[in-house]
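# A look at the structure
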Amino acid sequence: MLEWIVTRPDAWFGPTWGPAVYAFVAALVFIVAIMIPLFVAVAYLTLWERKLIGWMQIRIGPNRVGPLGLLQPIADGVKLLFKELILPTNADKQLYLLAPVLAITPALAAWAVIPFAPQVVLANINAGLLYVMALTSTGVYAVIVAGWASNSKYAFLGAMRSAAQMVSYEIAMGFALVVVLMVSGSLNLSDIVNAQAHGRFAAMGLNFLSWNWLPLAPILVVYFVSGVAETNRSPFDVVEGESEIVAGHMVEYSGMAFAMFFLAEYMNMILISTLTAVMFFGGWQAPIDAPLLERVPAFAWLLAKVFVISSMFLWFRATFPRYRYDQVMRLGWKVFIPVTLVWLAVVGIWMRSPWSIWS
Amino acid sequence: MIVETAVFYLFAAVMLIAGLRVITARNPVHAALFLVLAFFTASAIWLLLEAEFLAIALVLVYVGAVMVLFLFVVMMLDINLERLREGFWRNLPLALVVGAIMAAEIVAVIAERYFEVASQAPPLPAGYSNTRALGMLLYTDYAYAFEIAAVILLVAIVAAIALTLRRRKDTKYQSPAQQVRVRPAERVRLVSMPAEKDR
């Protein structure tokens with residue numbers, strides 16, 4: 001069966017185009033295999049958000065559609081699909097419709113280099129970390145283009161705020177990633193996970209103490225909080241501060257175009273959670289080196305870590321009041337960037353000293 | 001190989017069209033976005049050459065940072081297109097000369113490698129990391145040049161900030177450190193009063 005599949009393209013398209021067609025179709029199949037669970041995860045993350053925040057505020061949360069409200073995301077999706085797409089007067093039509101695409105594309109494309117388990121990665125490229133950084137940095141275009149093309153004051157102001165915020169926090173995030181790549185000695189995400197499996201504690205079977213979160217704790221905090229700011233989540237959601245500028249850059253969008261921004265935001269949340277798990281919490285590795293835990297599939301560990309970390313996003317939202325805009329900027333430029341710069345030097349000296357734990 | 005050639009021509013065509021639209025688009029925002037597209041396809045072409053570090057750095061630096069600021073400025077300014085077009089014919093001869101010189105230089109550099117023999121560079125070994133090779137060169141053989149370039153950039157950043165830094169005398173700002181240090185005892189005076197009689 002497998003042989004039949006592999007040889008078919010050659011028979012149909014000839015030896016020149018056959019391998020290309022095979023590679024193309026295989027890549028498509030893998031992409032779909034990543035994307036569909038991802039969309040399901042996004043859908044149920046919205047439900048989980050409403051449920052969790054409901055419980056935190058001593059409410060029940062959505063419980064009407066389906067058992068325990070489990071069909072709520074599907075109802076929301078159908079509703080959004082059938083809503084009218086409204087085009088504002090004098091909006092730049094092409095760019096207005098392009099912006100949601102620009103939002104969702106980088107959010108999806110970044111998943112190509114995420115390792116889900118040993119050897120289970122769509123593109124095992126050497127510059128994986130750089131690739132993720134490059135793609136997430138292009139997400140800001142969706143915001144700018146949406147705000148400008150909407151031809152609305154509120155959307156434009158929201159876009160300006162959000163773009164400035166995303167560009168600022170990217171710097172702190174980049175420096176945090178530099179420290180991670182320094183101690184891992186590689187930009188390949190699989191290698192970064194594997195590098196965390198060595199160390200004094202890992203030799204004792206306590207893997208979770210050898211992961212990067214312990215020696216790089218300040219960097220973890222900077223990275224994760226920058227990630228929250230980067231995805232424009234509460235408490236950094238000044239973009240959509242309802243009391244000031246309605247709903248930010250997507251205020252004019254309706255129906256599926258709005259849903260695209262929404263999907264991209266949640267997908268980025270899951271992406272940041274996954275990257276945090278991969279870079280600081282040992283990715284797919286089990287926390288303790290025990291024979292019983294080895295039975296658990298590697299992917300389940302990553303899933304559990306991502307679930308916990310993305311629940312933190314929701315917990316933050318339920319806990320903290322929104323930052324004022326100048327304080328957001330102050331935190332990014334005057335606190336996070338100096339912290340990462342100092343820790344970069346500290347880790348650099350630590351690595352060259354006799355007490356280096358990375359060898 | 002033929003597939004790569006096809007992909008190359010696809011990207012090259014997109015890049016040329018995008019480049020052309022940068023100078024022909026009427027709306028400056030559209031022009032800036034076409035420039036972004038041109039950068040993106042250029043990075044895709046570099047990926048075809050297996051220069052992944054350069055390709056990703058192009059997206060990271062130019063698309064992710066420089067062009068965002070560019071768009072910021074273009075969107076904020078009220079650009080008068082008629083005024084911009086006035087100088088077109090006057091400056092055209094100079095532009096043509098500059099363009100011709102640039103084209104001649106590019107041809108001079110790549111001509112002997114690409115026009116004489118249609119040789120293909122041997123594919124790189126599987127474990128070869130472009131990023132690592134570049135890092136090795138930058139931090140060993142070219143360490144001083146690299147450091148000097150970095151210092152020049154730093155000076156430029158400081159200069160740009162120093163030029164635009166104006167401290168107005170009448171601005172009101174808060175010092176979060178001071179705010180955090182405030183003690184209730186210094187601000188609030190608690191007065192204990194006897195309870196009033198029932199009505």
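Please refer to the structure higher up on the page.
One structure accompanies this document, and this report is about it. These numbers were taken from a predicted model, which means no experiment stands behind them.

Rules and cut-offs
- Counting restarts for each chain, with residues numbered from 1 along the sequence as it is written.
- Following the order in which they are written, the chains are lettered starting with A and the ligands numbered starting with 1.
- Given that the model is predicted, a residue must reach a pLDDT of at least 70 before its local features are reported, and side-chain atom pairs must reach 80 or more before they are shown or counted; all residues, however, enter totals for whole chains, interfaces and linings.
- The basis for the side-chain values is all heavy atoms of the structure; hydrogens and waters are excluded.
- In this analysis, two residues are considered to be in contact whenever any of their non-hydrogen atoms come within 4.5 Å of each other.
- By definition, a salt bridge exists where a carboxyl oxygen of Asp or Glu is found within 4 Å of a side-chain nitrogen of Lys or Arg.
- Polar contacts here mean pairs of N or O atoms no more than 3.5 Å apart (in protein, one a potential hydrogen donor and the other a potential acceptor; neighbouring residues in sequence count only if both atoms are side-chain atoms).
- Helix and strand definitions follow DSSP, with helices as H or I runs of at least four residues and strands as E runs of at least two, each counted in order from the N terminus.
- Residue polarity follows a fixed list, in which Ala, Val, Leu, Ile, Met, Phe, Trp, Tyr, Cys and Pro are nonpolar, Asp, Glu, Lys and Arg are charged, and the others, Gly among them, are polar.
- Here an angle of 0 to 180 degrees is reported between the N-to-C directions of two axes, which are lines fitted to C-alpha atoms, with helices fitted over the stretch in contact.
- Oblique is the label for any angle not covered by the other classes, which are roughly parallel (under 35 degrees), roughly antiparallel (over 145) and roughly perpendicular (65 to 115).
- Note: crossing handedness is left-handed where the near helix turns anticlockwise from the far helix by less than a right angle, and right-handed where it turns clockwise.
- Pairs were defined over the aromatic rings of Phe, Tyr and Trp, the Trp ring being its six-membered one, requiring ring centres within 6.5 Å. Orientation was assigned from the angle between planes: stacked under 30 degrees, edge-to-face over 60, tilted for the rest.
- Each residue is assigned to one of three classes by its accessible area relative to the maximum for its type, calculated with a 1.4 Å probe on protein chains only: buried under 20%, partly exposed between the two thresholds, exposed over 50%.
- We call a set of buried Ala, Val, Leu, Ile, Met, Phe, Trp, Tyr and Cys residues a nonpolar core when their side-chain atoms join them within 4.5 Å.
- Without a salt bridge and with relative accessible area above 30%, a residue can belong to a patch; like charges are then joined within 9 Å and nonpolar side chains (Val, Leu, Ile, Met, Phe, Trp, Tyr) within 5 Å.
- Reported accessibility uses the Shrake-Rupley method at a 1.4 Å probe radius. Residues are deemed covered only where the shown protein chains occlude them.

### A few points about the interface of chain A and chain B
Contacts between the two partners involve 29 residues from chain A, matched on the other side by 30 residues from chain B. Linking chain A with chain B are zero salt bridges. The interface formed by chain A and chain B includes three residue pairs in polar contact (both at pLDDT 80 or more). When contributions to the side of chain A that touches chain B are tallied by element, the ones reaching two or more residues are α1 (2–56), α3 (93–109), α4 (128–138), α5 (140–149) and α6 (153–184) of chain A. Taken together, the residues of the side of chain A that touches chain B break down into 19 nonpolar, six polar and four charged.

### Observations regarding the packing of α3(A) against α5(A)
Residue and element names in this part refer to chain A. Where α3 meets α5, the axes come as close as 8 Å, and the angle between the chain directions of the two elements is 160°. The angle between α3 and α5 places the two elements in the roughly antiparallel class. In the packing of α3 onto α5, the handedness of the crossing is left-handed. Contacts between α3 and α5 involve Leu95, Tyr96, Ala99, Leu102 and Ala103 on the former and, on the latter, Tyr141, Ala142, Val145, Ala146, Trp148 and Ala149. Residue composition of the contact of α3 with α5, by class: 11 nonpolar, no polar and no charged.

### Some points on the environment of A:Ala110
By the secondary structure assignment, A:Ala110 is in the loop between α3 and α4. Residues A:Ala110 and A:Asn268, spaced 158 residues apart in sequence, show a C-alpha to C-alpha distance of 9.2 Å.

### Side note on the packing of aromatic side chains
The way to describe two aromatic rings as a pair is by their centre distance and the angle between their planes. Applying the stated criterion across every chain yields a total of 19 aromatic pairs over all chains. A centroid spacing of 4.9 Å and a plane angle of 45° characterise the contact between A:Phe262 and A:Tyr266, whose relative ring orientation is tilted. A residue pair is termed a helical-turn pair when its members lie 3 or 4 positions apart in one helix, as A:Phe262 and A:Tyr266 do in helix α11 (residues 255–280) at four residues. Overall, A:Phe262 belongs to the partly exposed group, its relative accessible area being 31%. Here A:Tyr266 falls in the buried class, since its relative accessible area comes to 3%. A centroid spacing of 5.0 Å and a plane angle of 70° characterise the contact between B:Tyr139 and B:Phe146, whose relative ring orientation is edge-to-face. Overall, the relative accessible area of 28% leaves B:Phe146 in the partly exposed class. The structure contains a cluster of three or more aromatic residues connected by ring pairs, namely A:Tyr169, A:Phe236, A:Tyr323 and A:Phe336.

### Considerations on the nonpolar core
The nonpolar side chains of a soluble globular protein tend to be buried with one another. If you look at the biggest cluster of nonpolar residues, it comprises 105 residues, and the most contacted ones within it are A:Trp111, A:Tyr141, A:Leu189, A:Leu216, A:Tyr223 and A:Met279. A per-element tally of this core places α11(A) first, with 15 residues.

### Details of the pattern of salt bridges
Residue and element names in this part refer to chain A. Counted according to the given criterion, the structure contains six salt bridges over all chains. As a salt-bridge pair, Arg233 and Glu49 come within 2.6 Å of each other at their nearest N and O atoms. In this pair, Arg233 is assigned in the loop between α9 (217–230) and α10 (242–245) and Glu49 in helix α1, connecting sequence segments 184 residues apart. There is no split in this pair, since Arg233 and Glu49 are both buried.

### Quick notes on a nonpolar patch on the surface
Residue and element names in this part refer to chain A. On the surface, a cluster of nonpolar side chains totalling about 1,100 Å² of accessible area is made up of Val32, Ile36, Val40, Tyr44, Leu68, Leu70, Leu71, Ile74, Val78, Leu81, Phe82 and Met256. Taken together, the elements giving at least two residues each to the nonpolar patch come down to α1 and α2 (72–81). Mapped onto the elements of the fold, Leu68 is located in the loop between α1 and α2.

### Description of the packing of α4(A) against helix α3 (residues 52–76) of chain B
The interhelical angle for the contact between α4(A) and α3(B), taken along N-to-C directions, is 25°, at an axis separation of 9 Å. Comparing their axes, α3(B) and α4(A) come out roughly parallel. Crossing angle aside, the handedness with which α4(A) passes α3(B) is left-handed. Taken together, the residues of α3(B) that come into contact with α4(A) (itself represented by A:Leu130, A:Tyr131, A:Met133, A:Ala134, A:Ser137 and A:Thr138) are B:Phe53, B:Ile56, B:Val59, B:Leu60, B:Val63 and B:Gly64. Taken together, the residues that form the contact of α4(A) with α3(B) break down as nine nonpolar, three polar and no charged.

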